[in-house]
Amino acid sequence: MAEMENQAWQPLPGVEGVKIYPFLRKVDIISSNSYLVAAPGLIVVVDPGGLPEQADILLGEISRLITEKPRPVIVCLTHVHLDHCSQLLSHPGFRKIPLRIVAVQEQGAQALENGDRAATIADLIQHDLERTDIDIRLLPAGCDTARRKEEVNLCGASCTMCFDTLKIGEGRTLPRQYMPLHGESMIEFFPTPGHSPDSICIRIGEVLFTGDLVFATAPGVAGLKGWDLKALLASLDTMIALLSIGGISVCLPGHGRPMEAQMMLRTLTAMKKEAASLEGIESINPAWVKETAAYAGDLMDEVDRLFTIIAGRLVYVAHIMDELEESGEADRLRGMIDSNLVDELLSDFNRFSLEYHSGQVLEIHVALKANQISQKLERIYRGELLGSVLDLSLVRRVERLLLDYTITFRGFRPQVDLEPTDISIAAGKVITALSCPRYHDESIIEAESEEEFARALALRIASVNPFENLDVAYTPGLDIPIALMDTGRFADLLMYVLEKISVAGATRLSLGTGTTGNMVWIQVKSPGPLQAFSERVQRFITRSGRLSGGKCTISPEGNGMSILLEYPSVNSHTQDS
C-alpha cells in the first residue's frame with residue numbers, strides 16, 4: 001500500500017474514477033480524522049470532526065467540487081461522539097450544503113435527534129449539543145433478518161438501498177447495508193457496536209473506514225457511555241473475518257495514521273486478548289472524570305516531590321563521588337534516571353494543570369495528560385537500580401503511585417492486599433525506620449573490591465534522615481485486636497504523614513494506637529501550625545487511607561492537626577461476612 005498523503009486528493013484504492021481526500025490528525029479527544037470521497041455523481045463525507053478550522057478546509061473542498069459539478073453530499077458518521085461530528089451540528093457551512101444527506105446508524109440517529117449528551121460524550125467534554133434531523137437511519141434493528149431493498153430520496157433523485165448479509169467464512173455472516181457510489185462500486189455499511197452502540201465501519205472499494213473500533217480498549221475510552229464488552233468482542237471477530245477474506249488493502253481509523261489491512265488484522269487480534277481482561281471496568285461518566293482529574297493533580301504533586309528528592313540525592317552523591325575521584329560510580333548514579341526528562345514531563349503537566357485552573361482545558365484532558373505522563377515515567381524509571389542506593393520506601397512509593405494511577409485510569413480499582421495486621425507493631429516498624437540507617441559502616445571497611453567500596457560509600461552518602469530534629473512520642477495501646485489492612489500501603493501512608501509534619505518544621509509529635517468498638521485506630525497529633533497540610537495533601541492522605549483499607553479523619557487539634565486512621569478488626573469483618 002502506498003502511503004496516503006494528508007490533505008491531498010488521490011485515487012481511492014479499488015475504485016476507478018473515484019478520489020479520496022484524507023484529513024489526518026494526531027490522536028486526541030478534540031477532533032477525529034475526516035475523509036472526503038469524490039465520485040462523479042456523489043460526494044461522501046466520513047466524520048466531519050470537531051474543529052471549526054478543520055470543517056472550513058473540508059467545506060472549501062466540497063464547495064469547489066459542487067461548483068465544478070453539482071451533486072449530492074452524503075455525510076456518514078462512524079458514530080456520534082462529538083469529536084467525530086460536532087461540526088456537522090454546529091458549523092453553518094454544513095447546514096448550507098445545497099444537496100446534503102446525513103446518514104447515521106439508527107441508535108446514533110436517535111441520540112442526535114434527542115440531544116442525548118451522554119451518548120455523544122457532550123457531558124464529558126462540556127460541549128453544547130445542537131439537535132439535528134437525520135435523513136437515513138443506517139443498519140436499523142432487524143436489518144439482518146432478510147434480504148431486501150428500499151428506495152430512498154437523495155435530494156430529489158431515487159436511490160436503491162439494499163440490505164443483506166455478507167458471508168465472511170466458516171458459515172458466518174455479517175449484516176450489511178449498501179448503496180451505489182459509481183459504476184459497479186458501492187458504499188457498504190457494517191455494524192460494529194462495542195465502542196458505542198451506534199459504531200459502524202464503512203467500506204468503499206479496497207478502503208475500510210474503521211471509526212474508533214481500534215481504540216475501543218484504550219484507557220479513557222473503554223467504559224464510555226454505551227461501551228459493551230460482549231458486543232465489542234463480537235465486532236472484533238467479524239472485522240477480523242472480513243479482513244481475512246481479502247479485498248481490503250487499507251484501513252482508515254478515526255484517529256491517527258492509515259494502516260495496511262494486515263497491520264489492522266494483527267491489531268484487532270491483539271485487541272481481543274486485551275478486551276478479555278476488561279470485564280468489570282468502571283463507567284466513564286462526569287463524576288468519574290471529576291474524581292480522576294483531582295486524583296491526577298494530587299498524584300503528580302506527590303510524584304514531583306518524590307522525583308525531586310530522588311534526583312537531588314543522586315546528583316549530590318554523584319558530585320561527592322566525583323570529588324573522591326570515584327568517577328565510575330558517579331557516572332553509574334547519573335545514569336540511573338534521566339532527571340532532565342523527568343523535569344520536562346512534570347513541568348509539562350504543571351503547565352497543563354495551570355491551564356485547567358484558568359479554564360483553558362477540561363477535567364478529562366487533565367486525566368488523559370496524567371495518564372500519558374505516568375506511562376512515560378514508568379518507562380524511564382528503573383526502581384531496581386535506584387533501590388541499590390536510595391531509601392527503598394522512596395522507590396517503592398513512586399512505583400506504587402504510577403501503577404495505581406495507570407490502573408485507576410484504566411477503569412479499575414488499584415489492588416488492595418488486606419491482611420491481618422497488628423497495627424501497633426506495623427506502626428512501630430515505621431517509627432523504628434525513622435532513625436535506623438540503611439547503611440552499615442562495616443560494608444565500607446570490609447569491601448573486597450574497589451567496586452564494592454564505591455557502592456557502599458555511595459549508599460552511606462545517600463542516606464539522609466529527614467526526621468533527625470523530630471521527637472516522636474509513641475504510645476501503643478494494650479490488648480488491641482488484629483486489624484484488617486493493607487500493611488504496605490499503611491506503612492507508606494504513615495511515612496508520608498510523618499514526612500509532611502517534619503518538613504513543616506514540627507519538632508515533636510505524638511502517635512498512639514487503640515480500639516473503639518469494632519474499629520482499630522492509629523492517631524497522629526502534632527502541635528503548631530502545619531501549613532504543609534494543604535487541601536490537596538489532605539485529599540491525598542484521605543485517598544491513601546481508603547486504599548490501605550481504612551478510613552481517615554483529619555481535624556484541627558489545638559493549634560495543630562490530628563490525623564485518625566481507622567481499620568476494621570478481623571473479628572468484626574468475620575462477623576459481617
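Residues numbered from 1 in each chain as written. Predicted model: local features only at pLDDT ≥ 70, side-chain atom pairs only at ≥ 80, totals over all residues. Heavy atoms only, no water.

## Things to note about the sheet that holds strand S21 (residues 551–557)
Link 1 in the chain: In spatial order, the strands read S17-S19-S20-S22-S21; together these 5 strands make up an open sheet with mixed pairing. The sheet is open, and its two borders are formed by strand S17 (471–475) and S21, each paired with just one other strand. Each strand of the sheet is rotated relative to its neighbour by a mean of 15 degrees, with strand direction disregarded.
Link 2 in the chain: The sheet contact formed by S21 and strand S22 (residues 560–568) spans 7 bridges and is antiparallel. Counterpart to lysine 551 in the pairing with S22 is glutamate 566.
Link 3 in the chain: Across the sheet, helix H16 (residues 487–503) lies against strand S19 (508–516), strand S20 (519–526) and S22, angled at about 20 degrees from S20, the strand it touches most. (Pairing = 2+ DSSP bridges. Helix = DSSP H or I, 4+ residues; strand = E, 2+ residues; numbered from the N terminus. Axes fitted to C-alpha atoms, helices over the stretch in contact; angles between N-to-C directions. Contact = heavy atoms within 4.5 Å.)

## Looking at the domain arrangement of the chain
Link 1 in the chain: According to the domain assignment, the chain contains domain 1 (10–276), domain 2 (285–415) and domain 3 (417–577).
Link 2 in the chain: One C-alpha centre belongs to domain 1, the other to domain 2; they are set 39 Å apart.
Link 3 in the chain: The interface is formed by 12 residues belonging to domain 1 together with 11 residues belonging to domain 2.
Link 4 in the chain: In this assembly, domain 1 packs against domain 2 so that about 940 Å² is buried in total across both faces, 64% of it on carbon and sulfur atoms. (Domains from an automatic or database assignment. Buried area = accessible area lost by both parts, 1.4 Å probe.)

## Points about the nonpolar core
Link 1 in the chain: Membership of the largest hydrophobic core comes to 113 residues, with the highest contact counts inside it found for Phe307, Leu377, Phe490, Leu494, Leu498, Leu511 and Ile541.
Link 2 in the chain: In terms of residues, this core owes the most to one element, helix H7 (residues 286–323), which gives 15 residues.
Link 3 in the chain: Discounting chain neighbours no more than four positions away, the residues touching leucine 511 are Ala427, Ile431, Ala473, Tyr474, Thr475, Leu494, Leu498, Ile522, Gln523 and Val524.
Link 4 in the chain: Counting 36 residues, the second largest nonpolar core, distinct from the first, contains Cys76, Ile101, Ile202 and Val250. (Core = buried A, V, L, I, M, F, W, Y, C linked by side-chain atoms within 4.5 Å. Buried < 20%, exposed > 50% of the residue type's maximum accessible area, 1.4 Å probe, protein only.)

## Structural notes on the pattern of salt bridges
Link 1 in the chain: Under the criterion given, the structure shown has 31 salt bridges.
Link 2 in the chain: Salt-bridge contacts for arginine 25 lead to aspartate 28; the nearest nitrogen and oxygen are separated by 2.3 Å.
Link 3 in the chain: Under the relative-accessibility criterion, aspartate 28 is labelled partly exposed at 24%.
Link 4 in the chain: Here arginine 539 and aspartate 298 are joined by a salt bridge, their closest N and O atoms 2.7 Å apart. (Salt bridge = Lys/Arg side-chain N within 4 Å of Asp/Glu carboxyl O.)

## Re helix H13 (residues 423–435)
Link 1 in the chain: Of all the positions in H13, only Ile423, Ser424, Ala426, Ala427, Gly428, Val430, Ile431 and Leu434 are classed as buried.
Link 2 in the chain: The backbone nitrogen of serine 424 has a side-chain oxygen 3.0 Å away, supplied by the residue at the start of H13, namely aspartate 422. (Polar contact = N/O pair within 3.5 Å; in protein donor to acceptor, adjacent residues only side chain to side chain.)

## Topic: the side chain of threonine 120
Link 1 in the chain: Mapped onto the secondary structure, threonine 120 falls in the loop between helix H4 (106–114) and strand S7 (136–138).
Link 2 in the chain: Within polar-contact distance, the side chain of threonine 120 engages the backbone oxygen of aspartate 116 at 2.8 Å.
Link 3 in the chain: Not counting residues up to four positions away in its chain, the partners in contact with threonine 120 are Val80, His81, Leu82, Leu112 and Leu129.

## Here's the deal with the packing of aromatic side chains
Any pair of aromatic rings gets described here by the distance separating the centres and the angle formed by the planes.
Link 1 in the chain: Per the stated rule, a full pass over the model turns up 7 aromatic pairs.
Link 2 in the chain: Aromatic side chains tyrosine 405 and phenylalanine 409 sit 6.1 Å apart centroid to centroid with 25 degrees between the ring planes, which places their arrangement in the stacked category. Of the two residues, tyrosine 405 and phenylalanine 409 are both situated in helix H12 (residues 392–410); the distance of 4 residues between them amounts to about one turn of the helix. No difference in accessibility class separates tyrosine 405 from phenylalanine 409, as the two residues are buried. (Phe/Tyr/Trp six-rings, centres within 6.5 Å; stacked < 30°, edge-to-face > 60°.)

## Focus on the pairing of S20
Link 1 in the chain: Burial along S20 is one-sided: the residues Val520, Ile522, Val524 and Ser526 are buried and none of Met519, Trp521, Gln523 and Lys525 is.
Link 2 in the chain: Taken together, S19 and the strand that follows it, S20, pair antiparallel across an intervening segment of 2 residues, in which glycine 517 is found at a positive phi of about 60 degrees.

## Description of the pairing of strand S8 (residues 148–154)
Moving residue by residue along a regular strand, the side chains alternate between the two faces of the sheet.
Link 1 in the chain: As defined by bridge partners, S8 adjoins strand S9 (residues 157–167) across 7 bridges and the pair is classed as antiparallel. Within S9, the position partnered with valine 152 by the bridge is cysteine 159.
Link 2 in the chain: Turn length for the S8-S9 hairpin, with the two strands adjacent in sequence and antiparallel, is 2 residues, and the turn residue cysteine 155 shows positive phi of about 55 degrees.

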